[in-house]
Amino acid sequence: MAPLKFCANISWLFTELPDFSQRILAAAAAGFQAVEAAWLYDSDLQELQRVRKATGVEVVLINTPPGDIKAGDLGLGAVPGREAEFREGLDLSLKYARALDCKRIHLMAGRVPVDSDRATVAKEMEAVFVQNLKYAADILSKEGITGLIEPINTRITDPKYFLDSPHQASAILEKVGKPNMKLQMDIFHWQIMDGNLTQNIQKYIPIIGHVQIAQVPGRNEPDSAGELSYSYLFDTLENIGYQGYIGCEYKPQGSTDEGLGWIREYWTHRKC
């Protein structure tokens, strides 16, 4: 079995350093061959390109812009009336993806609008999301880029997020019907919303295009105290033949480097 491939999420790791270029350097020094990030759009793109080329680190995933965070946005993909802004954000993410040779973009669904009832607006939001994803899929396919949608738990992290379960995401992807549109499995969110991880991984592995990890409920290192056995989950992903990346999207309990013992142990025992 091939060993799993990990990437450092530099929006969460190496935050001791102020900018993303420095975090890429730190990730490379720590042994990572790949990184991912949420929003790089305040960073100097030429500097990011320079550091990526100098280190040889692959940028494997970025998110579409969140919209106006101060106004309560967290993505626009499923938000009615914001289609034009979603397309503008997609164009910006494409600019960065091209420059950084990034082949995956997480298309953020967004939140249920303020003062709206989830059940009342669910059908409208799904229809908007499906149409935006179809549009994005056609654009991304010309660039050889995979689009991803990620369920985010509404019990702890974000009660207003529209897309909150793998089952909902799978149904939406089926309606979109585009081969370059995949499911992003964040094990932290999946455990909180649904549990049943072994069965869900086996069920959805054909449409999973990216994985992210953190312990539950604290969202810390995978080997920290919590509900999940990551040694078992890593074995499960290996045995099932998962070939994609696993993003380390967690909050270090101390310094990032001090909390990397778990991945150094994995690399020591399983890395080719």
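Residues numbered from 1 in each chain as written. Predicted model: local features only at pLDDT ≥ 70, side-chain atom pairs only at ≥ 80, totals over all residues. Heavy atoms only, no water.

Topic: the UniProt feature "active site" (unreviewed entry) in the chain
No. 1: Following the UniProt record, the feature "active site" (unreviewed entry) maps to E150 and E249 here. The annotated residues occupy 100 residues of the chain but converge on a single region, no pair of C-alpha atoms lying more than 13.1 Å apart.
No. 2: With respect to the helices, strands and loops of the structure, E150 is situated in the loop between β5 (146-149) and α5 (166-176).
No. 3: Discounting residues that sit within four places of it in the chain, E150 has contacts with H106, Y161, L163, Q184, D186, H189, Q212 and E249.
No. 4: Tracing the backbone through its elements, the reader meets E249 in the loop between β8 (245-248) and α9 (261-270).
No. 5: Apart from residues no more than four positions distant in its own chain, E249 is found in contact with N9, W12, E36, E150, D186, Q212, I213, A214 and R219. (UniProt positions renumbered as here; feature names shortened; annotations may be inferred. Helix = DSSP H or I, 4+ residues; strand = E, 2+ residues; numbered from the N terminus. Contact = heavy atoms within 4.5 Å.)

Focus on the packing of aromatic side chains
Two numbers describe a pair of aromatic rings. These are the distance of the centres and the angle of the planes.
No. 1: Using the criterion set out here, one finds eleven aromatic pairs in the structure.
No. 2: Relative to W267, the ring of F32 lies with its centre 5.4 Å away and its plane at 75 degrees, an arrangement referred to as edge-to-face. On the criterion of sequence distance, the pair formed by F32 in the loop between α1 (20-29) and β2 (34-36) and W267 in helix α9 is long-range, its members being 235 residues apart.
No. 3: Accessibility expressed as a relative area gives 2% for F32, which makes it buried.
No. 4: Across the ring face of F20, the terminal group of R23 is positioned such that the distance to the ring centre comes to 4.9 Å. (Phe/Tyr/Trp six-rings, centres within 6.5 Å; stacked < 30°, edge-to-face > 60°. Buried < 20%, exposed > 50% of the residue type's maximum accessible area, 1.4 Å probe, protein only. Lys NZ or Arg CZ within 6 Å of the ring centre and 35° of its normal.)

Let's talk about the packing of helix α7 (residues 197-204) against helix α8 (residues 230-240)
No. 1: Where α7 meets α8, the axes come as close as 11 Å, and the angle between the chain directions of the two elements is 25 degrees. Considering the angle they form, α7 stands roughly parallel to α8. Handedness of the α7/α8 crossing: right-handed. Residues L197, T198, I201 and Q202 of α7 lie in contact with α8, whose contacting residues are Y232, L233, T236, L237 and I240. (Axes fitted to C-alpha atoms, helices over the stretch in contact; angles between N-to-C directions. Parallel < 35°, antiparallel > 145°, perpendicular 65-115°, else oblique. Left-handed = near helix turned anticlockwise from the far one by under 90°.)

Overview of the pattern of salt bridges
It is possible for side chains bearing opposite charge to pair when their charged atoms get close.
No. 1: A complete count under the given rule lists 13 salt bridges for this structure.
No. 2: With a shortest N-O distance of 2.8 Å, E47 and R50 are connected by a salt bridge. With E47 and R50 both in helix α2 (residues 45-55), this residue pair falls three residues apart, about one helical turn.
No. 3: Look at R50 and you get partly exposed, because its relative accessible area is 47%.
No. 4: For the salt bridge of D138 with K178, the shortest nitrogen-to-oxygen distance reads 3.0 Å. Residue D138 is found in helix α4 (residues 118-141), and its partner K178 is found in the loop between α5 and β6 (181-186); the two are separated by 40 residues along the sequence.
No. 5: A relative accessible area of 36% places D138 in the partly exposed class. (Salt bridge = Lys/Arg side-chain N within 4 Å of Asp/Glu carboxyl O.)

A word on the pairing of β8
No. 1: Of the two faces of β8, both are covered, the one formed by Y245 and G247 as well as the one formed by I246 and C248.
No. 2: Sheet topology note: the strand β1 (residues 5-9)/β8 ladder contains four bridges and is parallel. Across the sheet, the residue bridging to A8 is C248, located in β8.
No. 3: Bridging between strand β7 (residues 208-213) and β8 involves three bridges; their strand directions are parallel. By the bridge assignment for β8, Q212 is matched with G247.
No. 4: Following the chain from β7 across α8 to the adjacent parallel β8, one finds a crossover that is right-handed. (Pairing = 2+ DSSP bridges. Right-handed = clockwise from strand over helix to strand, strands pointing away.)

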